[in-house]
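# Understanding the architecture of this molecule
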Amino acid sequence: MVSGARRQDGFCEIPVSNGTLRLYPRLFSIEASKRYFDDLKRGVDWKSEHITMFGRSVPLPRLTAWFGDAGTRYTYSGLSAEPGDWTPALLRIKARVEEVSAATFNSVLLNYYRDGRDSVSWHSDDEPELGPNPVIGSVSFGSERPFQLRHRTNGADVPGSLREPTRDMLTLGLPNGSYLEMGAGMQRNWMHRLPKRPRLTGERINLTFRTILGRRAESLNADY
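Once a new chain begins, its residue numbering starts again from 1 and follows that chain's sequence as written. Restriction of local features to residues with pLDDT of at least 70 applies here, the model being predicted, together with a cutoff of 80 or more for giving and counting side-chain atom pairs; totals for whole chains, interfaces and linings are based on all residues. Excluded from the side-chain calculations are hydrogens and water; all other atoms, namely the structure's heavy atoms, are used.

## A closer look at the packing of aromatic side chains
The line we're drawing: Here a pair means two rings of Phe, Tyr or Trp (six-membered ring of Trp) with centres within 6.5 Å. Their orientation is stacked below 30 degrees between planes, edge-to-face above 60, and tilted elsewhere. By definition, any uninterrupted DSSP run of H or I lasting at least four residues is a helix, any uninterrupted run of E lasting at least two residues is a strand, and each is numbered from the N terminus. Only protein chains enter the accessibility calculation, which uses a 1.4 Å probe; a residue is then buried when its area is under 20% of its type maximum, exposed when over 50%, and partly exposed in between.
Scanning the entire structure with this criterion turns up seven aromatic pairs. Ring geometry for Phe28 and Phe141: centres 5.4 Å apart, planes at 70 degrees, overall edge-to-face. Residue Phe28 is located in the loop between β3 (21-24) and α1 (30-43), and its partner Phe141 is located in strand β11 (residues 136-142); the two are separated by 113 residues in the primary sequence. Assessed through its relative accessible area of 5%, Phe28 is described here as buried. With a centroid separation of 5.6 Å and 25 degrees between ring planes, the pair formed by Tyr36 and Phe141 is classed as stacked. Residue Tyr36 is found in helix α1, and its partner Phe141 is found in strand β11; the two are separated by 105 residues along the sequence. Note on accessibility: Tyr36 and Phe141 belong to one class, buried.

Printed below as a string of structure tokens:
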């Protein structure tokens, strides 16, 4: 547990400068997490996307998929994704997330990390279609990986800051079945990444729920 984090019923508030961060270490049971992992691994049409770097096309070091309501087209890393239709499993995961979140989501980006060589580099989820202060809900199934967050400044020179800076960089372990909510201020003031860990062999599927502005979110309240 991160030093200074405040435990609540089923979750902990992680103190950060200029943002809100909440971790539910076990939002989904071990049994449900395994079922969801297997369902997503087998049932999703995973894509190996390519981006242009230094004038040449290189594959992203992970597989991806995008789902959401009609019209929730999403552009990130120079890629443009049209949403696939929600599956029953994805709607059930979303419904569980929305039970503990103040946000209502209408889309989700899936990342499949096949082993520790797969990764995602430093970035913020601050694309225009997410609005100026998005809430990002991150669900993890499979092997635990370290997740890192880095403040864009030292925290003291952010205009309008109401808190003293606590730390410039955090490393969190995101267990199987966990839910991390990056709330107000996190995408504007922080960056995050999943670093490479070549010695790790376990698979991980991560779902980051988002709200594309101007679209109504669907919900399915059911157990899995």
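## Focus: the pattern of salt bridges
Inclusion rule: When a carboxyl oxygen of Asp or Glu is within 4 Å of a side-chain nitrogen of Lys or Arg, the pair counts as a salt bridge.
With the rule as written, the count across this model stands at eleven salt bridges. With its nearest N and O atoms 3.6 Å apart, the salt bridge here joins Asp45 to Lys47. Note on Asp45: relative accessible area 56%, which makes it exposed. Classification of Lys47 as partly exposed rests on a relative accessible area of 42%. Of the charged contacts, one joins Asp118 and Arg114 as a salt bridge, the two residues approaching to 2.8 Å between their closest N and O atoms. Residue Asp118 is classed as buried on the basis of its relative accessible area, which comes to 6%.

## Quick notes on the environment of Ile93
Here is the rule: By the convention used here, residues are in contact when the closest approach between their heavy atoms is within 4.5 Å.
Tracing the chain through its elements places Ile93 in helix α2 (residues 88-100). Taking the relative accessible area as the measure of exposure, Ile93 reaches 0% and is therefore buried. Sequence-wise, Ile93 and Phe28 are 65 residues apart; in three dimensions their C-alpha atoms are separated by 8.9 Å. Once residues within four sequence positions are removed from consideration, Ile93 is found in contact with Phe28, Tyr36, Leu40, Val139, Phe141, Leu207 and Phe209.

## A closer look at the side chain of Gln148
Counted only if it meets this: N or O atoms closer than or at 3.5 Å make up a polar contact, with two conditions inside protein: a donor-capable atom paired with an acceptor-capable one, and, for residues adjacent in sequence, both atoms drawn from side chains.
By secondary structure assignment, the location of Gln148 is in strand β12 (residues 145-151). Among the polar contacts made by the side chain of Gln148, one reaches the side chain of Thr171 at a distance of 3.5 Å. Only 2.6 Å separates the side chain of Gln148 from the side chain of Arg193, close enough to count as a polar contact. Apart from residues no more than four positions distant in its own chain, Gln148 is found in contact with Trp122, Met169, Leu170, Thr171, Met191, His192, Arg193, Pro195 and Arg197.

## What about the packing of α1 against α2?
Heads up, the rule is: Each axis is a line fitted through C-alpha atoms, taken for helices only over the stretch in contact, and angles between the N-to-C directions span 0 to 180 degrees. Here roughly perpendicular refers to angles of 65 to 115 degrees, roughly parallel to angles under 35, roughly antiparallel to angles over 145, and oblique to all remaining angles. It is the rotation of the near helix from the far one that decides the hand of a crossing: anticlockwise by less than a right angle makes it left-handed, clockwise makes it right-handed. All residues other than Ala, Val, Leu, Ile, Met, Phe, Trp, Tyr, Cys, Pro, Asp, Glu, Lys and Arg, Gly among them, are scored as polar; the first ten of these are nonpolar and the last four charged.
Here α1 crosses α2 at 140 degrees, and the two axes come no closer than 10 Å. What the angle tells us is that α1 and α2 run oblique. The way α1 lies across α2 gives a crossing that is left-handed. Across from Tyr36, Asp39 and Leu40 in α1, the residues of α2 making contact are Ala89, Leu90, Arg92 and Ile93. When the residues that make up the contact of α1 with α2 are grouped by side-chain class, the tally is five nonpolar, no polar and two charged.

## A short note on the nonpolar core
How we decide: Here, nonpolar core refers to any group of buried Ala, Val, Leu, Ile, Met, Phe, Trp, Tyr and Cys residues whose side-chain atoms link them within 4.5 Å.
Formed by 30 residues in total, the largest nonpolar core has its most connected members in Leu40, Ile93, Leu110, Val139, Phe141, Leu207 and Phe209. Going through the elements one at a time, α1, β6 (63-68), α2, β9 (107-113), β11 and β16 (204-210) are the ones with two or more residues in this core. Broken down by element, the residue count for this core peaks at five residues, all from α2. By size, the runner-up hydrophobic cluster in this structure holds 21 residues, among which are Ile136, Leu180, Trp190 and Ile212.

## Focus: the environment of Trp86
Mapping Trp86 onto the fold places it in the loop between β8 (79-81) and α2. In this structure the C-alpha to C-alpha distance between Trp86 and Ala70, which are 16 residues apart in sequence, comes to 9.7 Å.

## Overview of α2
What counts, and what does not: Helix span is expected to be 1.5 Å times the residue number reduced by one.
Over its 13 residues, α2 runs 19 Å from end to end, which matches the ideal 18 Å to within 8%, given 1.5 Å per residue. Looking at α2, one finds that the buried residues are Ala89, Leu90, Leu91, Ile93, Lys94, Ala95, Val97 and Glu98.

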